[in-house]
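Chain by chain, the residues:
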Amino acid sequence: MEYVSPIKNVHEIKLIKNILKEQSSRDFILFVLGINTGLKISTLLSLKIDQLVNESGDIQSFVYIENQKIYINDQVKSALSFHLQKTKPPIDSYLFKSPKSELPISRQQAYRVIHEAARKAGILDQIGTHTLRKTFGYHAYKKGVAISLIQARFHHASPSDTLRYIGMDDTDQRIDVNL
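The present account deals with the structure reproduced in this document. All residue numbers here refer to positions counted from 1 along the written sequence of the relevant chain. Under the rules for a predicted model, residues below a pLDDT of 70 receive no local features and side-chain atom pairs below 80 are neither given nor counted, while totals for whole chains, interfaces and linings still include all residues. In computing side-chain values, all of the structure's heavy atoms are included and hydrogens and water are not.

**What about the layout of surface pockets?**
Next, step 1: Computed from the structure, the largest pocket encloses a volume of approximately 450 Å³.
Next, step 2: In this count, Pro and Cys sit with the nonpolar residues alongside Ala, Val, Leu, Ile, Met, Phe, Trp and Tyr, while Asp, Glu, Lys and Arg are called charged and the others, Gly among them, polar. Grouping the amino acids of the lining of the largest pocket by side-chain chemistry returns 8 nonpolar, 6 polar and 4 charged. Using a grid of 1 Å spacing that covers the protein atoms alone, one calls a set of points a cavity when a 1.4 Å probe fits there but cannot get out, and a pocket when the set is open and has protein on both sides within 12 Å along at least five of seven lines; lining residues are those with an atom within 4 Å of a point. Grid points are joined across faces, edges and corners, and a volume is the space filled by probe spheres set on the points.

Following this line, the structure appears as structure tokens:
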């Protein structure tokens with residue numbers, strides 16, 4: 001398995017979102033949900049719509065997935081709403097349903113979606129399904145989320161494992177309060 005990178009540039013994230021939104025609402029929500037929750041690709045692909053949407057059709061703000069409380073932010077809510085309006089799937093179906101069956105898309109298909117969108121956006125770094133999770137961790141850390149919280153989300157043994165995983169190096173860890 002090759003090492004993949006987080007997407008550190010916010011402009012590149014927006015480019016990928018635009019590419020995927022034009023391409024497929026399913027692929028768009030896969031990317032948006034992945035970079036905003038940090039869930040593993042296997043967990044994302046196993047999600048059913050009724051895990052995120054209540055009986056009255058409202059998208060929940062918090063969901064419990066694999067014993068973790070996950071916040072569903074406005075970006076995810078908007079992308080999910082877009083997907084649900086566009087496809088009108090049954091509430092008990094997989095969120096990332098394959099067009100060929102009632103099952104979710106494969107990890108390989110998810111990889112192709114993410115990798116091809118990154119190439120179309122001009123990103124030459126190694127990009128794969130772990131990129132979603134790493135992008136979440138990188139941007140959470142850069143916005144001030146404690147590394148211990150990111151470490152807990154990722155089930156890593158140490159903060160240094162998490163920092164390495166999200167692509168932080170000594171040059172990125174500049175502390176400047178600029179008072």
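**Some thoughts on the side chain of Thr37**
Next, step 1: Secondary structure is summarised from DSSP: a helix means a run of H or I of at least four residues, a strand means a run of E of at least two, and numbering begins at the N terminus for each. Within the element layout of this structure, Thr37 appears in helix H2 (residues 25-37).
Next, step 2: At 2.7 Å, the side chain of Thr37 and the backbone oxygen of Leu33 are in polar contact.
Next, step 3: Should any heavy atoms of two residues lie within 4.5 Å, those residues are counted as being in contact. If sequence neighbours within four positions are ignored, Thr37 has contacts with Leu44, Ile70, Tyr71, Phe136 and Arg153. Polar contact criterion, stated in full: a pair of N or O atoms within 3.5 Å, where within protein one must be able to donate a hydrogen and the other to accept it, and residues adjacent in sequence count only if both atoms are side-chain atoms.

**A few points about the packing of H2 against helix H4 (residues 74-87)**
Next, step 1: Note on geometry: axes are C-alpha line fits, over the in-contact stretch for helices, and angles between N-to-C directions span 0 to 180 degrees. It is at 9 Å that the axes of H2 and H4 come closest, and there the two elements cross at 160°. When the axis of H2 is compared with that of H4, the two are roughly antiparallel. By crossing handedness, the relation of H2 to H4 is classed as left-handed. Every residue of H4 that contacts H2 at Ser25, Arg26, Phe28, Ile29, Val32, Leu33 and Asn36 is listed here: Gln75, Val76, Ala79, Leu80, Phe82, His83, Lys86 and Thr87.
Next, step 2: When the residues that make up the contact of H2 with H4 are grouped by side-chain class, the tally is 8 nonpolar, 5 polar and 2 charged. In these notes the angle categories are as follows: under 35 degrees is roughly parallel, over 145 is roughly antiparallel, 65 to 115 is roughly perpendicular, and the rest is oblique. Left-handed describes a crossing in which the near helix is turned anticlockwise from the far one by less than a right angle; the clockwise case is right-handed.

**Some details on the pairing of strand S1 (residues 62-65)**
Next, step 1: With a 1.4 Å probe rolled over the protein chains alone, any residue whose accessible area is under 20% of its type maximum counts as buried; one over 50% counts as exposed, and the rest are partly exposed. Residues Val63 and Ile65 point to one face of S1 and are all buried, whereas Phe62 and Tyr64, pointing to the other face, are not buried.
Next, step 2: Paired strands, in this sense, are two strands between which DSSP finds at least two bridges. In terms of strand pairing, S1 meets strand S2 (residues 68-71) through 4 bridges, oriented antiparallel. Its bridge partner being in S2, Phe62 is matched across the sheet by Tyr71.
Next, step 3: In this antiparallel pair of consecutive strands, S1 and S2, the connection spans 2 residues, and Glu66 shows a positive phi of 50°.

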